[in-house]
Each structure stands twice: as structure tokens, then as C-alpha cells.
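Here is what each chain is made of, one letter per residue.
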Amino acid sequence: MAKTIKEINERIKKGKAVVVTAEEIIDLVKEKGIKRCAKDVDVVTTATFGPMCSSGVFINFGHTKPKIKVGGGKIYLNDVPAYGGLAAVDIYLGASALPDDDPRNKVYPGEFGYGGGHIIEELVAGKDIRLKASGYGTDCYPKKELKTKINIRDLDKAILYNPRSAYQNYNVAVNLSDRVIYTYMGVLQPRLGNANYCSSGQLSPLFNDPYYETIGIGTRIFLGGGIGYVAFSGTQHNPRVKRTKKGIPKEPAGTLALIGDLKKMSSKWLRGTSFTGYGATLTVGIGVPIPILNEKILRFTAIEDSQIYAPVIDYSKAYPLGKETVLKEVNYAQLRSGSIKIKGKEIPTSSLSSYAKAREIANILKGWIKKGKFLLTEPVTPLP
Amino acid sequence: MVRKKRVVLTFPHSLVDKPITYHLVKDYGLVFNILKARVTPQEEGRLVLEIEGKRENLNRGIKFLKDLGIRIEPLAQDIRWVEEKCTHCGACLAICPTQAFTIDPTTRKVSFDKKKCIVCELCIKACPYRAMEIRF
């Protein structure tokens, strides 16, 4: 029996909605079957908590007296450069920005202990941030230099806007070379010393809605501990990839652009992150509800780790040269078991995305919906 | 009975230029492996050792060090897992050569077994949240 989002929302408002996580639905379907679950369950919550470099915040820090125009000038937050090529006091701070005097990889491998992602975490935590700006001075904006402290509570606006988040599937990174390499997939030991992966698998939003039938532009979500929305398809969104018989992408596929009010978020779910030898970034907590409108949608949410495959790629040569040959396809149950076998060798595996935190988010979102605090949305337009 | 111990030795600056570990071999028949060392003239010196030998010799050797005024602590005190910073992602798991990190299959949470740690520091570089700290 098909349901509508409107009907589900009515049940949420009455506190009667049946909500389970994308992990709980797996056993529930095994126990009760697709038909029964599609009828009984209203919402399945999905989540992820992983490093997402394409993250950042728009800030409007308010006008000074006299006024300054940062656009065309320069702007630094705790010595980390932000982008000021916008209106007078609108700026954008990206997660991977670094202080000008950070040695980067000059002393290899660089530490990248502090960057844009760390400032976003501190800002959200309510800490004061030093702001240093310069402008060229105009008749209407005469001030040329500004040194002050900003705090999130005083900002006119602080908006998290991520051009790309929640990648639907990702590579498993290995190193075939004879030296240690430092990548955005972590430290990779030589000669297949380890294999790193990054997805919450069966809990991951886009694995549970592989053809974007419910997640679309305008979808309301859990973002960084607050409320956010799917703004658009993310950069590099590519639905036309190889898929399993069940329709699950076997390589990186869909992505989401996300937006939300940073002032309502929490530093627990936005964490400054450092990859040795690679750079700074932000780890973002995301939770997406999937309305169980019909059996087909329910069937997708019952996907489990053993049915989701990821490509193993060499990050010493194939990836940097853009000639990614798939060494092997492995599933997330194998990855989570602690080791996989490549070229006859047993390799220990590590995840960069936290399954424990993803589970926590899926449960928080479930709680919000059950209490009637969070209503579902119809997509304004589907994703491509 | 042969025993093995991992210890952190802290030397006062007055002892930094004296040959000390040599006596562990010569006088007490102990085998040691230097896991880590920081010895700077005129300053405090620190040495991480794995010492192996007969129980009696080991105890006598350690007494010899203590009598000289060297502070001896079990090794694990110097590596710290800052749980508040840990996101339980598991990036430390595969990099650790002694499997000091484990992930609970039910809770999916990471735990750190200090006893297995050899202070190779690989986890420090591998942790994206800088949740592993070394006091050395």
C-alpha cells in the first residue's frame, strides 16, 4: 500500500510515526518481510559522519563604523585566509584553507594541524575568532584595515554550505609502491600494507535511495547537529556509473550540495580534521530521512553491507595519474571484518568514516521524527 | 625465567653524558632494544627500552638504574588516547603493527590496549582528529 509524505507527516505530528534506522530495517525486513514492513514503517533514517573537503561557511560579520569593503581586499580568520570576493562583509571560509605561513609539505609529510575545518569547529563551539581584513577604500567604504574578534552569536549570518557531501560510495585506497604515501585516504603503507575506505555503507544516505527517488532538492536533513537542506546535486554528481543488479553504484556516484544554519549546529558534529601529508578538512555529520512511500523504496533501504561493493584503487600511481584501474571489488561487510585479500595478500582495513557516529546520528534523527520535531519534505525537484 | 619489560627511563641532566645502559648488558646480562631515545647534553634524557632477561637480573638491573637516580615508568604511560577527541572511525586500526586498537563488532567503537603499544607513533600521524598524543 502506497503512502504519501503528507500522510507520513500527519502521523509524525500525532507522534504515531514508525521510524527505524537503516540498520534496524535490515533485520526487520528479514523478520516480517517487505510487504508488512512497507505498510508498518513510515520512515527509515540514514546517516554518515566522514571527512568532506568540499565544506565551508558563508559569514556576514556585520558592518563596522566606519565601513570597510573586504571585496577585492584580503580577509583572515585566525590567520587562515578566507574568500572575500563578495559584497562588503560577506566572506566564505573553506574547510581546506591553511594559514599562509603553514609549512605545508615543505617538511614532508606536513602535519596540517590547523585549517579552515578547525576554525569552523571552533566557531560553532562559540569560541572567539580573530578577524583581520584589508580593503582598498572607497568613497562609501573608507576603512582600509580591520582587526577584531568575531563570535558566532554576534554574526549576522553563518551558513554552512557544502558544494559536495555524502558521496554515494567511494574508493578503497591501497598503496602498491615501495614507500609510505600520505593521502586524503589516510596513511597508506607500502606494498599493500593496509587498505582504507570511507563510507557508512548500509547506513549511508545515498546507498539507501540509490536512484534518488525520495532525496531531492529541498530535502530537509540533519546537518552538523542542526537542520539543513539538500541545496542541489553536489559537484561531481554522476549517477551514470556501474551498478549492481540491485541498482547500487559500484563506484563513486551521486553527491549532495548541502546548506544549513551554522548557528544551530554543534561542534560535536562538525570536526576539524587533519590528514598528515595531505591537508586540513572538516568532518561532517549528516542524517537523511527516507519516507517509506512504497515497497520499492523500502526494499532499497533494506540494503546491507554485504551487498554494497567498492573499487580497490592504487593511490601511489593509478589514482594520482588519473588512470584508475580497479584492482578488485570488495563489499563493505568484508571491509568491516578487518581485512581483505588482494593479490593473494591479507590486508588490514581501516575506515575513515565513523560507523559509530553515523549510527548515533541515525538514532538522533529517529528521535526527532518520533517526537514530532522534524517533518519530512517533498523534493522541490529531483536530483539528476 | 626470562621476562620482558617495556620501560621509559628519565635521566637527570647530570647522568646524560654517562654510559649507563652498557652496564645492563655487562653487569646484569640483560638484552635491551632501544625503541626511542632523546638525549640532549645538559638536559633531561629519555629512553624507551624493551629489556629482557632473567627475572632476578632484571630486578637487579632496574634497582641499579633507580639507585643512580633514574626515574622508571612503564612505557604505556607515555602514549595517550584522548577519547573525547576520538570519533571511532578506526583509521588507527590497520596502521598499528601490534593490533593495539580494536573495534567492538557490536558497538563499532574503538578501544586502545596500552599493553600492546610499542610507541611506534604510526597512529599519531594516521589519526585525523589528533586523538593520539605522545608524552615524550
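Bear in mind the structure is a predicted one, so any value in this text is a computation, not a measurement.

J.: What exactly am I supposed to notice about the pairing of strand S3 (residues 56-60) of chain A here?
T.: On a regular strand, each side chain points to the face opposite its neighbour's, so the side chains alternate between the two faces of the sheet. All names here are of chain A. Extensive coverage of S3 is indicated by the burial of four of its five residues. Pairing analysis gives five bridges linking S3 to strand S6 (residues 90-94), with the strands arranged antiparallel. Within S6, the residue paired with Ile59 across the bridge is Ile91. Pairing of S3 with strand S9 (residues 157-165) involves four bridges; the strand directions are antiparallel. In the sheet register, Asn60 faces S9, and the bridge partner there is Lys157.

J.: How should I be thinking about the nonpolar core in this particular structure?
T.: Grouped burial of nonpolar side chains is what soluble globular proteins tend to show. In this structure, Phe61, Leu77, Leu93, Leu262, Leu270 and Ile286 of chain A are the most contacted members of the largest nonpolar core, which totals 85 residues. No other element matches the seven residues that helix H7 (residues 355-370) of chain A contributes to this core. Residues lining this core come from more than one domain, with at least three contributed by each of domain 1 (5-47 + 166-263 + 291-376) and domain 2 (56-160) of chain A. With residues up to four places along the chain from it excluded, the contact list for Leu262 of chain A reads Val57, Ile120, Leu123, Val124, Ile152, Ala158, Ile159, Leu160 and Leu270 of chain A. If you look at the next biggest cluster of nonpolar residues, it comprises 35 residues, including Val8, Val110, Phe112 and Cys127 of chain B.

J.: Looking at this structure, how should I read the sheet that holds strand S5 (residues 80-81) of chain A?
T.: Through backbone hydrogen bonds, the strands of a sheet pair up, either in parallel or in antiparallel fashion. Residues and elements named next belong to chain A. Here we have four strands laid out as an open sheet, ordered S5-S4-S7-S8, and antiparallel in their pairing. Of all the strands in the sheet, just S5 and strand S8 (145-150) have a single pairing partner and so form its edges. The sheet strands contacting helix H4 (residues 116-124) are strand S4 (74-77), S5, strand S7 (129-134) and S8, and the helix crosses S7 at an angle near 120°.

J.: Which parts of the structure should I look at to understand the domain arrangement of chain A?
T.: Interfaces are frequently sized by the accessible area removed from exposure as the parts join. Residue and element names in this part refer to chain A. What the domain assignment reports for chain A is domain 1 (5-47 + 166-263 + 291-376) and domain 2 (56-160). The centre of domain 1, based on its C-alpha atoms, is set 33 Å off from the matching centre of domain 2. Listed by partner, the interface residues are 11 residues for domain 1 and 13 residues for domain 2. Both sides of the domain 1 and domain 2 interface together cover about 870 Å² of buried area, and 65% of this is carbon and sulfur.

Rules used throughout
- Residues numbered from 1 in each chain as written.
- Chains lettered and ligands numbered in written order.
- Predicted model: local features only at pLDDT ≥ 70, side-chain atom pairs only at ≥ 80, totals over all residues.
- Heavy atoms only, no water.
- Buried < 20%, exposed > 50% of the residue type's maximum accessible area, 1.4 Å probe, protein only.
- Helix = DSSP H or I, 4+ residues; strand = E, 2+ residues; numbered from the N terminus.
- Pairing = 2+ DSSP bridges.
- Core = buried A, V, L, I, M, F, W, Y, C linked by side-chain atoms within 4.5 Å.
- Domains from an automatic or database assignment.
- Contact = heavy atoms within 4.5 Å.
- Axes fitted to C-alpha atoms, helices over the stretch in contact; angles between N-to-C directions.
- Buried area = accessible area lost by both parts, 1.4 Å probe.

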